[in-house]
Amino acid sequence: MNTTLSKNYEPGQVEETWSAHWEQKGYFHSTPDERPPFTVVIPPPNVTGVLHMGHTLNETVQDVLVRHARMSGFNACWVPGSDHASIATEAKVVQMLEKEQGIKKSQLSREEFLKHAFEWKEKYGGIIYQQIRRLGCSVDWNRVTFTMDHHYYEAVIKVFVDLYEKGLIYRGARMINWDPAAKTALSDEEVEYKDITGKLYYVRYKVQDSDEYITIATQRPETIMGDTAVCVNPSDERYAHLKGKKIIVPLVNRAVPIIFDEYVDPAFGTGALKVTPAHDINDYNLGLKHGLPTIDTLNEDGTLSAAAEVFVGMDRFEARKASVEQLRSDGALVKEEEYSTRLGFSQRSSAVVEPRISTQWFVKMQHFAGLALDAVSSGEVKIHPEERFLATYKYWLENIKDWCISRQLWWGQRIPAWYAPDGSFVVAETREKALEKFEEKAAHGSRLTADDLSQDEDVLDTWFSSWLWPMEVFNGIRNPGNKEIEYYYPTNVLVTGQDIIFFWVARMIMAGMEYKQERPFEHVYFTGMVRDKQGRKMSKSLGNSPDLLDLIDRFGADAVRFGILISSPAGNDLLFDDSSCEQGRNFNNKLWNALKLVKMWDLRQAQDDEPNKKELPFAVEWFEQRLNQVKAQVTEQIKTFRLSEALKTVYSLIWDDFCSWYLEWAKPGFEQPIDKVVYEKTVSFFSELMQLLHPFMPFISEEIYHQLGERTDDLCVKQFTPAIATNSKIIGQGTLLQEAISAIRDARVKNNLKPKEAVTLAIQSDNNAPFEAISAILEKQVNAEVRFTSEPVANSIAVVLGTNKFYITSEQAIDTTVQKEQLLNDLEYQQGFLASVEKKLSNERFVQNAKPEVVDAERKKASDATQKIEAIQKSLALLG
């Protein structure tokens, strides 16, 4: 315990010391025991990057819940880890190889590329863990899990094989979302739609063997070369005469049929639609229905393929410009106009997504959707805040589509499908097991060898691995009956961002119900989106996302935790600014100054002259009640995930009640010793306050706890004592004392009575008892001699507080001008307020229709206002 304290709190060394101490003690490591578990699995951040402010909020919320549980008798287990993030990581590695070594991916074998990828992961993956440590997160570092760890990889493959054998995974050619930048398929959830202003091009198509033309509007003239029909509505009389006719596709002069289908809206545009099955999902469905050929005019990188016949090898957007110019030159472009539309972008690469027909692997989702929907609808999994996200969750599950899980990448879990030379395949966990399955099928006259088999080149979607996270961090897939999965699963709460409710949350519920027949977590707490003070989403491209380690270096981890949490109501977006961290730093310094004050008392601590006295000073009795009151409030707030509200409650108790009021009331007079009982109670209160604050701000609370006295325990594992019933009478007296001190001090300032100038304070009240208990403190706080009176005091400054009146007299002549002005303003306000209430009460419809308690509350307002008006009028009369 350091007896010499710095002027201001210096977080750097404190944070380093306590982090090392907690880890050395093993406080955050959990093993199954007789205590009830409290389990949280960290949403694994991508190994590619660093923690942004959204992560900072997320990890802080989790740490508050975990630390509070650890201090409440639970065996808290918080599992950290990171996600391999297949698309994002592969893009980073490809970029690094080209930039630093001049090597293209195409020059490497798969094994060589993966070697580089793992080296990159080892070099950069640790940054995230460093940030989590610096933030003070109490994770179990013995349990760090990576989604490409050997055991985890095997679990993913095992699940794939199992679902395939159950008929829930299939391979087929479908229209999928294609990312031309990453050159991979995407699931529907990985496509982000944005409203943009594009162009609509009106193009003339010539009817074959006729002088007639049909004008068709398209947003994508670069796909005209893939047209295989033109479609009109069978009820559209404008085109009835064209049945059986063909039409010439511009640019390539291909004759294609005119088909008739009710899908086309005759009232939209010209009522005619170009059909390009390879590049639009609706056209694809029309093509299947009418047996149309499919011409894929795009390569996987978004350039035009040989099938396009023109502009081959040109980028799709350059080809759009070239197509428009050619159409204009050919006289086929009628007009072009601006058009508002929604366009899909890849969440990973930000490239415009292409609809593309491709052979991929899919999960049948109808089976899983029912499991995830029932778990939430029944209340087995509870969503917070429910009112914002439950409807969205249900809508997605009720309208779910099959999940495309294959990705054309090398970084990730490789799909365990094995192909024979003739193209037939089996699904198996290993090459050896695949060979056994081929032999069982007896599909070949000649015997196959392991060397004859080739494995599918694609890897699995990242989310296909992370949906197993709550189970496989405890080896629950590979070893489903092990001691740890039975103890720690299901987990207690998942804290995550609202943007991955479908990617991850719903899918984890699906996997949990499928493989454990049990929910993966009881509660889901959605944090809001962290935005800058202008309301913009934080991003690297905008340069508005602060560096977490830089913030911690500037303000300290506790201040950053305070700053991000104080302004984040559950589920709502929050505007983050450095000033909130500054508020946290100011709070730290407030606590530090309070510590220095109490330690000064210790230096001149008095002996207890009355060891057997039982009656405690009012300040001690009052704060004891307030502390118990707030302990109960905070427990309930944390239980219901109102964490920002809980922090504000603790902050107010410490800053206002403890520092501003209690310490002032309890401190000894100038150069007087402190009463021993008061000192010991003060240290006890301060210690309990630090325990209450600890889940939110762990470093300074632990430091102050140890500075307050010699300790044999540590705060981070010190168990909370239950809050006891509070005495509302004492709490009410404390509130009355606060209000009286504030009102009297305000009156002194307004009337130029200096604080050092002693005055007489006469109290007129219907009940003097509450004031008798607080009169000694009141005298000291306002520098007054207190007495009671049954009638107004002439030549005084009158202060009205509810139905109580205070009369301040001084030997110095008092100028009542300011007081008169204030009283007249108060009188005008109260009269206006009373008139508005009486108007409402005179409305018969209001009195008849409003709830009785509402009417009673309005009558109480009228009565209180009447009493205040009478008191003000009496005070004015005394002033003459």
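Scroll up for the structure.
From a predicted model like this one, the values you see are computed outputs, not experimental measurements.

Break down the overall build of the protein chain for me, citing the residues and quoting the values.
Each helix and strand in the protein chain was counted, giving 27 helices and 29 strands. Rg of the C-alpha trace for the protein chain: 37 Å, well past the compact-globule value of 29 Å for 880 residues, more than 25% over. Reported as C-alpha extents along the three principal axes, the dimensions of the protein chain are approximately 115 × 65 × 50 Å. Buried residues in the protein chain amount to 52% of all 880 residues. A separation threshold of at least 6 residues defines the contact pool for the protein chain, and within that pool the share at least 24 residues apart is 77%. Accessible area for the protein chain stands at about 40100 Å²; split by element, carbon and sulfur atoms hold 48% of it. Charged side chains of the protein chain number 101 positive and 126 negative; the gap between the two group centres comes to 1 Å.

Which residues make up the side chain of Ser796, and what values do they have?
Tracing the sequence through the fold places Ser796 in the loop between strand 27 (784-788) and strand 28 (797-801). Judged by its relative accessible area of 4%, Ser796 falls in the buried class. A polar atom in the side chain of Ser796 sits 2.7 Å from the backbone oxygen of Val793.

Go over the environment of Thr184 with me, naming the residues and quoting the values.
With respect to the helices, strands and loops of the structure, Thr184 is situated in strand 6 (residues 184-186). Note on Thr184: relative accessible area 0%, which makes it buried. Through-space distance from the C-alpha of Thr184 to that of Leu708 is 60 Å; in sequence the pair is 524 residues apart. The residues contacting Thr184, other than those within four sequence positions of it, are Ile87, Asn177, Trp178, Asp179, Arg407, Gln408 and Leu409.

A description of the packing of aromatic side chains should follow, citing residues and the corresponding values.
In this structure the tally under the stated criterion is 43 aromatic pairs. The interplanar angle of 70° and the centroid separation of 5.8 Å between the aromatic rings of Phe113 and Trp410 together place this pair among those described as edge-to-face. Taken together, the positions of Phe113 in helix 4 (residues 110-124) and Trp410 in the loop between strand 17 (406-407) and strand 18 (417-419) put the pair 297 residues apart, joining distant regions of the chain. As far as the burial class goes, Phe113 and Trp410 line up, both buried. Seen from their ring centres, Phe562 and Tyr651 are 5.4 Å apart, and the 55° between their planes marks the pair as tilted. Residue Phe562 is located in helix 17 (residues 557-566), and its partner Tyr651 is located in helix 20 (residues 643-666); the two are separated by 89 residues in the primary sequence. Using a relative accessible area of 0% as the deciding quantity, one classes Phe562 as buried. Taking the relative accessible area as the measure of exposure, Tyr651 reaches 19% and is therefore buried. Three or more aromatic residues joined by ring pairs form one cluster here, namely Phe160, Tyr164, Trp361, Phe368, Trp403, Tyr419, Phe425, Phe464 and Trp467.

Can you tell me about the sheet that holds strand 19 (residues 425-427), naming the residues and giving the values?
Judged by pairing direction, the sheet is antiparallel, and its three strands sit side by side in the order 19-18-20 without closing on themselves. The sheet is open, and its two edges are formed by strand 19 and strand 20 (454-455), each paired on a single side. Of the pairings in the sheet, the one linking strand 18 to strand 20 comprises two bridges and is antiparallel in character. Paired with Tyr419 across the strands is Ser454, a residue of strand 20.

Would you mind going over the pattern of salt bridges in detail, with residue names and values included?
This model, assessed by the stated rule, comprises 51 salt bridges. In this structure, Lys199 engages Glu336 in a salt bridge whose closest nitrogen and oxygen atoms are separated by 3.2 Å. Of the two residues, Lys199 is situated in strand 7 (residues 191-207) and Glu336 in strand 13 (residues 333-346); the sequence distance between them amounts to 137 residues. Residue Lys274 pairs with Asp227 through a salt bridge whose shortest N-O separation is 2.8 Å. Of this pair, Lys274 sits in strand 12 (residues 272-275) while Asp227 sits in the loop between strand 8 (213-218) and strand 9 (229-232), and the two are 47 residues apart along the sequence. Its relative accessible area of 0% is what places Asp227 among the buried residues. Among the charged side chains, a salt-bridge network with shared partners connects Arg220, Glu222, Arg316, Arg320 and Glu354.

For the pairing of strand 11 (residues 254-260), give the residues involved together with the corresponding values.
Taking burial as the measure, the seven residues of strand 11 include five buried ones, the bulk of the element. Direction of pairing for strand 9 relative to strand 11: parallel, over a ladder of three bridges. The partner of Val230 across the bridge, within strand 11, is Ile258. In terms of strand pairing, strand 10 (residues 246-249) meets strand 11 through four bridges, oriented antiparallel. Note that in strand 11 the partner of Ile248 across the bridge is Ala255. Where strand 10 folds back on strand 11, the antiparallel hairpin that results is connected by four residues, among which Leu251 adopts a positive phi of roughly 75°.

Lay out the side chain of Glu757 in plain terms, naming residues and giving numbers.
Summarising the element assignment, Glu757 is placed in the loop between helix 23 (728-750) and strand 26 (759-764). The side chain of Glu757 is buried and forms no salt bridge, while Arg748, the nearest opposite charge, is found at 5.5 Å. A distance of 2.8 Å separates a polar atom in the side chain of Glu757 from a polar atom in the side chain of Ser810. Apart from residues no more than four positions distant in its own chain, Glu757 is found in contact with Arg748, Asn783, Ser810 and Gln812.

Got a sec to walk through the packing of helix 9 (residues 365-377) against helix 15 (residues 501-515)? Specific residues and values, please.
The contact between helix 9 and helix 15 brings their axes to 8 Å, and the two run at 95°. By the criterion of interaxial angle, the relationship of helix 9 to helix 15 is roughly perpendicular. Contacts between helix 9 and helix 15 involve Met365, His367, Phe368, Ala369, Leu371, Ala372, Ala375 and Val376 from the former and Ala506, Ile509, Met510, Met513 and Glu514 from the latter. Residue composition of the contact of helix 9 with helix 15, grouped by class: eleven nonpolar, one polar and one charged.

Break down the nonpolar core for me, with residues and values.
One finds Phe464 and Tyr662 to be the most contacted residues of the largest nonpolar core, which totals 185 residues. If one sorts the elements of this core by residue count, helix 20 sits on top with 14 residues. Sequence-distant contacts of Tyr662, defined by excluding residues within four places in its chain, comprise Ala619, Val620, Trp622, Phe623, Asp657, Val678, Thr682 and Phe685. Core analysis: the next-biggest nonpolar cluster, separate from the first, contains 28 residues, Tyr201, Val203, Ile258 and Leu327 among them.

Quick rundown of helix 22 (residues 698-707)? Include the residues and the values.
For an α-helix, the turn length of 3.6 residues means that residues three or four places apart are oriented alike. Along helix 22, ten of the ten residues are buried, which leaves the element largely enclosed by surrounding structure. By the burial criterion, the buried members of helix 22 are Pro698, Phe699, Ile700, Ser701, Glu702, Glu703, Ile704, Tyr705, His706 and Gln707.

Break down the pairing of strand 29 (residues 804-809) for me, with residues and values.
Buried residues dominate strand 29, accounting for five of its six residues. Examined bridge by bridge, strand 26 and strand 29 share five bridges and lie antiparallel to one another. Its bridge partner being in strand 29, Gln764 is matched across the sheet by Lys805. In terms of strand pairing, strand 28 meets strand 29 through five bridges, oriented antiparallel. Counterpart to Val799 in the pairing with strand 29 is Phe806. Taking the residues that link successive antiparallel strands as the turn, the strand 28-strand 29 hairpin has two residues, and the phi of Gly802 there is positive, at about 65°.

Kindly report on unusual backbone geometry, identifying the contributing residues and their values.
The residue after His384, namely Pro385, is reached through a cis peptide bond having omega -5°. Relative to the assigned elements, Pro385 resides in the loop between strand 15 (382-384) and helix 10 (386-398). Omega for the bond connecting Tyr489 with Pro490 falls within 30 degrees of zero, at 0°, which places this linkage in the cis form. By secondary structure assignment, the location of Pro490 is in the loop between helix 14 (483-488) and strand 22 (491-497). Phi at Leu251 is positive, roughly 75°, even though this residue is not glycine. Looking at the element boundaries, Leu251 is found in the loop between strand 10 and strand 11. A positive phi angle, close to 60°, is found at Asn752, a residue other than glycine. Position of Asn752 relative to the elements: it lies in the loop between helix 23 and strand 26. Judged by relative accessible area, which is 64%, Asn752 ranks as exposed.

Reading guide: rules and limits
Residues numbered from 1 in each chain as written. Predicted model: local features only at pLDDT ≥ 70, side-chain atom pairs only at ≥ 80, totals over all residues. Heavy atoms only, no water. Helix = DSSP H or I, 4+ residues; strand = E, 2+ residues; numbered from the N terminus. Rg over C-alpha atoms; globule rule 2.2 N^0.38 Å. Buried < 20%, exposed > 50% of the residue type's maximum accessible area, 1.4 Å probe, protein only. Contact = heavy atoms within 4.5 Å. Areas by Shrake-Rupley, 256 points an atom, 1.4 Å probe, with all protein chains shown as cover. Lys, Arg positive; Asp, Glu negative; His and termini not counted. Charge placed at Lys NZ, Arg CZ, Asp CG, Glu CD. Polar contact = N/O pair within 3.5 Å; in protein donor to acceptor, adjacent residues only side chain to side chain. Phe/Tyr/Trp six-rings, centres within 6.5 Å; stacked < 30°, edge-to-face > 60°. Pairing = 2+ DSSP bridges. Salt bridge = Lys/Arg side-chain N within 4 Å of Asp/Glu carboxyl O. Axes fitted to C-alpha atoms, helices over the stretch in contact; angles between N-to-C directions. Parallel < 35°, antiparallel > 145°, perpendicular 65-115°, else oblique. Nonpolar A, V, L, I, M, F, W, Y, C, P; charged D, E, K, R; others polar. Core = buried A, V, L, I, M, F, W, Y, C linked by side-chain atoms within 4.5 Å.

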